[in-house]
Amino acid sequence: MTKLTTKKMKIAVLTSGGDSAGMNAAVRAVVKMGILRGCETWIVREGYEGLVKGNTEAPESQNHSTPQGNPINLPESLKDDTLVRNLRFGDGPLLRDGEGDTSDASHSLKGRYIIRVGWDDVRGWMGEGGTFIGTARSTTFRTTEGRLAAARNLIKEGIDALVVCGGDGSLTGADKFRSEWPDHVKALRANGDIGDEEVEKYGHLKIVGLVGSIDNDMALTDMTIGAPTALHRICEAIDNINTTAASHSRAFVVEVMGRHCGWLALVAGISADAVADSSGADFIFIPERPPSSDSWEEEMCATVKAHRNVGKRKTIVIVAEGAHDKNLNAIRADDVKKVLAEQLGLDTRVTTLGHVQRGGRPCAWDRILPTLQGVEAVEVLLTATPETPSYVIGISENKVTRVPLMEAVLKTQEAAKAISEKNFEKAMSLRDSEFSESLEAFMAISTLDKRLAAENDRLRIAIMHVGAAAGGMNAATRTAIRFCHLRGHTPLSIHNGFKGLLNDHITNPSWLGVDNWMTRGGSELGTNRVLPSIDLGAIAAKFQTHSFDALLIIGGFEAFSALLELEEARASYPAFRIPMVHLPATISNNVPLTDYSLGSDTSLNALVDACDAIKQSASASRNRVFVVETQGGKCGYIAALGALATGAVLVYTPEVGISLDGLRNDVKFVKERYGLDVRGKSEGRLVLRNEKASDIYTTEIITKILKEEGGSLFDSRSASLGHTLQGGIPSPMDRARAVRLSMKCMTFLEEQAVRIKGLKDKSRKALKPSAAVITIQGSQIVLSPVGDVEEAADMKNRRGIDPWWSGLKDLAETLGGKTDLMEYVDSI
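A brief structural summary. Not measured: the values here are computed from a predicted model.

This part is about the overall build of the protein chain. When you go through the protein chain residue by residue, the secondary structure sums to 27 helices and 24 strands. Taken over the C-alpha trace, the protein chain has a radius of gyration of 28 Å; the compact-globule value for 828 residues is 28 Å, and the two agree within 12%. With respect to the three principal axes, the spread of C-alpha positions in the protein chain is 85 × 65 × 50 Å. Sequence separation of 24 or more characterises 79% of the internal contacts of the protein chain that already satisfy a separation of 6 or more. Just so you have it, the protein chain exposes about 30,500 Å², and 47% of that area is on carbon and sulfur atoms.

Below you can see the structure in the form of structure tokens.
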């Protein structure tokens, strides 16, 4: 890999403020990419407090800046900035095992807070929660004297770049530290702590921020590190509360974190298994949008009573810790309990989740997001100058972004200020569009109040599933059906796809009848791969018989193909001249033009869970490679993203394929990598292979080759995950995304129905916009005409032509060490 720097940069990374799942993955990414870019990498223990304390108490006899345990003789010609020269420095196990402050003087981190780390020192960090390097809120760093000490300690170690992972307070401190840096350098020179050479060399401190916050409260980024996992924890807890609540017909008040931001409460209200025997909360309290009435008690009780009156056996109310009424009077969980018990006579319990939300293994997205952001953070530092601002690394849908740090912090603080000034509309406007859309969706699917469309605009809307099952299909269907009841439309559920339509397997579901669909995996309507071309004439006749005014198709590539066939047949069959929309749902994520499909996040989490267990088994054997086969058809999305989330060292996808030369090099790489391990301390390693990566080099053959070539270095086994990647409870992200996208689809159908009514020209060209696929493109949600989607499709291989994730296979293997290590292997 080509190095981007001529002057070796020393990068330190610290975690500050509250811990969040994904921080370890972020540190790992910074360390590995820093090494790959020719930098020295350091960690700072205990956040800013570690910067202030530095290494002044470290015993002089200990040398922890020299690579430890490399079992090979390196040629002198090999530069010392390669991966091989930075494999390990000996302190990684102490950090990972929590033995840094042991009393064993021969190997302890006592008195050492700024520590050099190598590639293997962050081994195994990806799947662990919290932060191994520690975090603390430092009062000393808030003083000028404390920041001066921190500057002295960084210069002492020769560090000129800093990555800070924390919330808005931590990032504000980082920007202030950078702005004061020239003054600190001058003061240190005046005090005689540094010389003229250090003044010239360290005149500029480069800083970049990563947002670690479970509240997802930072402006100008869609997601913060730790928020997806916290949402998982909340939904798991409410899913578990569900059974006891239903058994006793009780009410539960669940308090979640969110002092100034209600994202966790809102999305959990949509996603968690809460209402009656189903999902979604009855009522939520969030800081940005308090109840509008003078009496929140009456407003909540009216909603809960209406739900009970239609037959619900339980009640769930979710309260953000920063909840209040419109006059800023705090609303506590115990207050809500008292009202439910006294005014409605409900047997009510309170559950405060507290720090449970912070803990546990990070979910798939809290491994991928910090990795991508950590990589970008290193790139920002490499190009930073005294004139460029400090950046915070954010994300917009799937696009990693650079945002001026203080702009993001100020907008975040502006939202909190707006709430304190009772300007709730402004507070909502300062959240991203997904926040307001999610709140609107929650109100639509949880309320029994009608917001009827004009009588002439009410539709008979058919809903069907096509293709393989995927997590989130049922959640999207539930949302669509409840939208129909809200607006006065007639929902028509088509069971078993186009086959079922031909057999008149159609029902009119009730509002309560789909109540328990949110957390159900698979397809409640039944699904298969049959397309309308089985008998277009008969399909058109059924459209007429049942008087369909609009059609929602939920599914994968087959659903897209079905919509394409229906749209192309409009010239011959007037029954198809109705608004039709496809909502992508497939674990393969192979629908063209869209970045995400429902079910792909659920599948990634299933893969991560399986691979964590497999890797644990492999590591226990010390020297075992597992070749794991994934689903995905001829699309490598699950394999590539899965490799990034699990730390796999090799990944095979259909887009790239497998060649004999490539396989030979891969075996060579694995052998050399095991040869670099400390004897007796090798780790298990993963190789991910998509099921269609090659017809010749199957999973079995690759496993046998590795086993044969591994000799005494390593063994090899295989595992096929198969349909386990399709099943199970949909992830909270898939549930929330299903609700949001389904709402947009239904609004689209309404709007297009009105437009078509007014058309005099009903030609295919005029009708083109009314047959669309809802797509996520970068930071936007776009209803794309199905013909435009076809232009972006590789129809033969059933996937998109240029997917956004295509470079992640190479990134996963690079972070696995393949690129730099192969350069070293080729040099000897």
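Scanning all chains against the criterion turns up zero disulfides. Left without a disulfide partner, cysteine 235 is nearest to the cysteine sulfur of cysteine 363, which lies 11 Å away. On the basis of relative accessible area, cysteine 235 is assigned to the buried category, the value being 1%. Cysteine cysteine 745 shares no disulfide, and the gap to the nearest cysteine sulfur, in cysteine 484, comes to 12 Å. Classification of cysteine 745 as buried rests on a relative accessible area of 0%.

Turning to the side chain of asparagine 153, a few remarks are in order. Relative to the helices and strands, asparagine 153 is located in helix 4 (residues 144–157). Within the structure, asparagine 153 has its side chain in polar contact with the backbone oxygen of leucine 51 (distance 2.8 Å). If sequence neighbours within four positions are ignored, asparagine 153 has contacts with Leu51, Val52, Lys53, Gly54, Thr56 and Ile114.

Next up on the list: the packing of helix 8 (residues 263–271) against helix 14 (residues 433–446). In the contact formed by helix 8 and helix 14, the axes pass within 9 Å of each other and the chain directions differ by 40°. In terms of orientation, helix 8 lies oblique with respect to helix 14. The handedness of the crossing between helix 8 and helix 14 is left-handed. Contacts from Trp263, Leu266, Gly269 and Ile270 of helix 8 reach helix 14 at Phe435, Ser438, Leu439, Phe442 and Ile445. Classifying every residue of the contact of helix 8 with helix 14 by side-chain character gives seven nonpolar, two polar and no charged.

To describe a pair of aromatic rings, one takes the distance between the centres and the angle between the planes. Enumeration according to the criterion identifies 15 aromatic pairs in this entry. Seen from their ring centres, phenylalanine 285 and tryptophan 296 are 5.4 Å apart, and the 85° between their planes marks the pair as edge-to-face. Here the residue phenylalanine 285 occupies a position in strand 7 (residues 283–285), and tryptophan 296 occupies one in helix 9 (residues 296–309), the gap between them amounting to 11 residues. Of the two residues examined, phenylalanine 285 and tryptophan 296, each falls in the buried class. A ring pair is formed by tyrosine 637 and tryptophan 805, whose centres lie 6.0 Å apart and whose planes are at 75°; its orientation type is edge-to-face.

The N-to-C vectors of helix 15 (residues 473–487) and helix 23 (residues 732–757) enclose an angle of 45°; their axes lie 8 Å apart at closest approach. The orientation of helix 15 with respect to helix 23, classified from their angle, is oblique. In terms of crossing hand, the pair formed by helix 15 and helix 23 is right-handed. The segment helix 15 lies against helix 23, with Ala475, Ala476, Thr479, Ala480, Phe483, Cys484 and Arg487 engaging Arg735, Ala738, Val739, Ser742, Met743, Met746, Thr747 and Glu750. Class assignment of the residues belonging to the contact of helix 15 with helix 23 gives a composition of nine nonpolar, three polar and three charged.

The next point concerns the pairing of strand 17 (residues 624–630). Two faces, one strand: in a regular strand the side chains alternate between the faces of the sheet. Within strand 17, seven of the seven residues are buried, leaving the element largely enclosed by the surrounding structure. Along strand 17, one buried face is formed by Arg624, Phe626, Val628 and Thr630 and the opposite face, lined by Val625, Val627 and Glu629, is buried too. Two strands pair when backbone bridges link them, and strand 17 and strand 20 (residues 715–720) are joined in this way by six bridges, in the parallel orientation. In the strand pairing of strand 20, phenylalanine 626 is matched with arginine 717. Sheet analysis places strand 17 next to strand 19 (residues 685–690), joined by six bridges and oriented parallel. Residue pairing in the sheet places phenylalanine 626 in a bridge with leucine 686 of strand 19.

What counts, and at which threshold
- Along each chain, residue indices are assigned from 1 in the same order as the chain's sequence is written.
- Only residues with pLDDT of at least 70 get local features here, since the model is predicted, and only at 80 or more are side-chain atom pairs given and counted; chain-wide, interface and lining totals rely on the full set of residues.
- Side-chain metrics in this entry use all non-hydrogen atoms of the structure; hydrogen atoms and water are not considered.
- Secondary structure is summarised from DSSP: a helix means a run of H or I of at least four residues, a strand means a run of E of at least two, and numbering begins at the N terminus for each.
- Two things to know: the radius of gyration comes from C-alpha atoms, and the globule rule equals 2.2 Å times the number of residues to the power 0.38.
- Whether two residues are in contact is decided by their heavy atoms: any pair within 4.5 Å suffices.
- Residue-level accessible areas treat just the shown protein chains as cover; the underlying method is Shrake-Rupley with a 1.4 Å probe.
- What counts as a disulfide here is a pair of cysteine sulfur atoms lying within 2.5 Å.
- Categorising residues by exposure relies on relative accessible area from a 1.4 Å probe, with only protein chains included: less than 20% of the type maximum marks a residue as buried, more than 50% marks it as exposed, and the intermediate range marks it as partly exposed.
- Polar contact is the term for a pair of N or O atoms within 3.5 Å; when the atoms are in protein, one must be able to donate a hydrogen and the other to accept it, and sequence-neighboring residues count only if both atoms are side-chain atoms.
- In this analysis an axis means a line fitted to C-alpha atoms, helices contributing only their contacting stretch, and an angle means the value between N-to-C directions, from 0 to 180 degrees.
- Small angles under 35 degrees read as roughly parallel and large ones over 145 as roughly antiparallel, with 65 to 115 read as roughly perpendicular and the rest as oblique.
- Here is the rule for handedness: rotate from the far helix to the near one, and if that takes an anticlockwise turn smaller than a right angle the crossing is left-handed, while a clockwise turn gives right-handed.
- Polarity classes work like this: nonpolar for Ala, Val, Leu, Ile, Met, Phe, Trp, Tyr, Cys and Pro, charged for Asp, Glu, Lys and Arg, and polar for all others, with Gly in that last group.
- Pairing of aromatic rings covers Phe, Tyr and Trp, the last through its six-membered ring, and needs centres within 6.5 Å; plane angles under 30 degrees mean stacked, over 60 mean edge-to-face, and all others mean tilted.
- Here, a strand pair is defined by DSSP locating no fewer than two bridges between the strands.

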